[in-house]
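Structure at a glance
Chain by chain, the residues:
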Amino acid sequence: MSERFILITAPSLDTKYNVSGISSLTGFIIHRNSAKAYQHFELGRKDEEKRNVGWLFRMMVKTVKWMVVVSSRKISLVHFNFALSKPSILRDTPLVLFAKLIRKKMVIHIHGGDYLTNTKAPRWMRFLLKSVFAGSNQVIVLSPVEQVALSETYKIKNIKVLPNCIDTREAMSFNRSFEKPGELNMLFIGRITTSKGIAFIYQALSNLKKRIPALPLKFFMAGTGPDEKEYVEKFSALLGSDFEFKGIVSGPAKTELYKNCQIFLLPSLFEGLPMSLLESMSFGLVPVVTGVGSIKHVVQHGENGILVDDNPAEDTALAVERLYTDHALLQELGSNARNFIFKHYNPDEYIMALNKIYAAA
């Protein structure tokens, strides 16, 4: 019998084209789950790709290609990564419904989006999502709060909680020094867009510069996105040589960033469970983040990080100032963040749990 595959959807797995948590997780799953054979179906706009007539034509071609690929007898199961955002819902719903129409077994894996826990979806969108979730397909969410939100809104029966996971081998081999740094290095890594709270970070650092001009801080920003040019210019003007833009990083370059920084900044407006959060904590960075999406199930305020929900810009400024002046707190939170990831995010256990969900489907 010819080999059968799990068809898994995600944007490009090449970081040159996409900075995406879904892509990172998909790459991790394909690499670590040696018991399964995967076929990656690229689905999602590249970072530099514009939504225009050409993009619309490519999406039409992609839809036809999907119908051909998913109909293949070689595809035993579809692992569909699905974000509850308007573009994703409009693009992906027809693809999911086609797979259901031809009775293909599916696992629908939810990855954040503003319509998950933050914003109430309009009636027409709830109708589409009820169609997506109807039936016996398995649904994966990233935390219990997402499980409650989806089960109450869409009456889904087969919801499994499976937090994202990362490969921790490099982080475990790294011996972080918690000596007091002469300069406090802060890091943002991911999509450079206002929804990730990049404007809050700018305002926070602006407030700090006004209050304590001599505070020795350096800010590193890595990634790409629609607001990249604007904020590279803004941070350069604000911080001068105390700002470095690293662009898209992966492999050793990304690892070095984690090793050289002490604070991870992500005051997002909405999230699922960011891979960059888990990675940074595994290297001992202190997360200063909003408790949106599933983040609050990872970051416990004052124990392994700092939550800045009330006033993200000012609270971020105060958190950074406190972590610089209170070195014992910086050391405690960083050490606790690292230990939390090693304790709760075991790659082998993640793959075992995922394969159980596949079996249930």
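Up top is the structure these notes are about.
Described below are features of the structure shown in this document. (Residues numbered from 1 in each chain as written. Predicted model: local features only at pLDDT ≥ 70, side-chain atom pairs only at ≥ 80, totals over all residues. Heavy atoms only, no water.)

**Section: the overall build of the chain**
Each helix and strand counted, the chain has 13 helices and twelve strands in total. Against the 2.2 N^0.38 benchmark of 21 Å for 361 residues, the chain shows a C-alpha radius of gyration of 21 Å, consistent with a compact globule. With the C-alpha coordinates of the chain rotated into their principal frame, the extents come out at 65 × 45 × 40 Å. Within the span of the chain, comprising 361 residues, buried residues form 53% of the whole. Considering only contacts in the chain between residues 6 or more positions apart, those separated by 24 or more positions represent 73%. For the chain, the exposed surface amounts to about 16500 Å²; the carbon and sulfur share of it is 53%. Taking the 45 positively charged and 33 negatively charged side chains of the chain as two groups, their mean positions are separated by 11 Å. (Helix = DSSP H or I, 4+ residues; strand = E, 2+ residues; numbered from the N terminus. Rg over C-alpha atoms; globule rule 2.2 N^0.38 Å. Buried < 20%, exposed > 50% of the residue type's maximum accessible area, 1.4 Å probe, protein only. Contact = heavy atoms within 4.5 Å. Areas by Shrake-Rupley, 256 points an atom, 1.4 Å probe, with all protein chains shown as cover. Lys, Arg positive; Asp, Glu negative; His and termini not counted. Charge placed at Lys NZ, Arg CZ, Asp CG, Glu CD.)

**Here we look at unusual backbone geometry**
Positive phi, close to 60°, is recorded for Arg103, a residue that is not glycine. Relative to the helices and strands, Arg103 resides in the loop between α3 (86-101) and β4 (106-110).

**Overview of the packing of helix α10 (residues 275-282) against helix α12 (residues 327-344)**
Viewed as axis vectors pointing N to C, α10 and α12 meet at an angle of 115°, and their least axial separation amounts to 7 Å. Between α10 and α12, the crossing angle belongs to the class labelled roughly perpendicular. Note on element contacts: α12 touches α10 through Ala337, Arg338, Phe340, Ile341 and Phe342, opposite Leu278, Met281 and Ser282. (Axes fitted to C-alpha atoms, helices over the stretch in contact; angles between N-to-C directions. Parallel < 35°, antiparallel > 145°, perpendicular 65-115°, else oblique.)

**Quick notes on the sheet that holds β4**
Pairing is parallel across the open sheet formed by six strands, whose spatial order is β2-β1-β3-β4-β5-β6. Lying at the two open borders of the sheet, with one neighbouring strand each, are β2 (38-42) and β6 (159-161). For this sheet, the mean inter-axis angle between neighbouring strands, taken without regard to orientation, is 25°. Two strands pair when backbone bridges link them, and strand β1 (residues 5-10) and β2 are joined in this way by five bridges, in the parallel orientation. (Pairing = 2+ DSSP bridges.)

**What about helix α9 (residues 251-260)?**
Within the sequence span of α9, burial applies to Lys254, Thr255, Leu257 and Tyr258. What you see down the axis of α9 is that its buried residues fit within an arc of 155°, all on one side. Looking at the packing, one finds that the buried side of α9 touches α6 (169-172), β7 (184-191), β8 (217-224), β9 (243-247) and α10. (Arc of directions from axis to C-beta.)

**Quick notes on the pairing of strand β11 (residues 286-289)**
On β11, burial covers both faces: Val286 and Val288 on one face and Pro287 and Val289 on the other are all buried. Sheet topology note: the strand β10 (residues 263-266)/β11 ladder contains four bridges and is parallel. Its bridge partner being in β11, Leu266 is matched across the sheet by Val289. On the question of chirality, the crossover connecting β10 to the parallel β11 by way of α10 is right-handed. (Right-handed = clockwise from strand over helix to strand, strands pointing away.)

**Considering the side chain of Ser85**
Note on placement: Ser85 falls in the loop between β3 (75-82) and α3. A residue is classified by how much of its surface remains accessible, and Ser85, at 18% relative accessible area, is buried. Look past the residues within four positions of Ser85 in its chain and what remains in contact with it is Gly113, Asp114 and Tyr115.

**Let's talk about the pattern of salt bridges**
In the structure shown here, the tally under the stated rule is 13 salt bridges. Among the salt bridges present, the one from Lys254 reaches Glu279, with a minimum N-O distance of 3.3 Å. Here Glu279 lies in helix α10 and Lys254 lies in helix α9, a separation of 25 residues in the sequence. Each member of the pair Lys254 and Glu279 is classed as buried. Overlapping salt bridges bring together Arg32, Asp167, Arg169 and Asp348 as one network. (Salt bridge = Lys/Arg side-chain N within 4 Å of Asp/Glu carboxyl O.)

**So, the nonpolar core**
Among the nonpolar cores identified, the biggest contains 79 residues, and Phe219, Phe235 and Val298 are the most heavily contacted of them. Counting 32 residues, the second-largest nonpolar core is a separate cluster that includes Ile75, Ile110, Ala121 and Ile159. (Core = buried A, V, L, I, M, F, W, Y, C linked by side-chain atoms within 4.5 Å.)

**As for the packing of aromatic side chains**
On inspection of all chains with the given rule, the structure shows 15 aromatic pairs. Their ring planes at 65° and their centres at 5.7 Å tell us that Phe28 and Tyr350 sit as a pair that is edge-to-face. Of this pair, Phe28 sits in helix α1 (residues 21-32) while Tyr350 sits in helix α13 (residues 347-360), and the two are 322 residues apart along the sequence. Seen in terms of ring centroids, Phe219 and Phe235 are 4.8 Å apart; in terms of plane orientation they differ by 55°. Their pairing is tilted. Of this pair, Phe219 sits in strand β8 while Phe235 sits in helix α8 (residues 228-239), placing them 16 residues apart in sequence. For Phe235, a relative accessible area of 0% translates into the label buried. By the ring-pair criterion, three or more aromatic residues cluster together here, those being Tyr202, Phe219, Tyr231, Phe235 and Phe243. (Phe/Tyr/Trp six-rings, centres within 6.5 Å; stacked < 30°, edge-to-face > 60°.)

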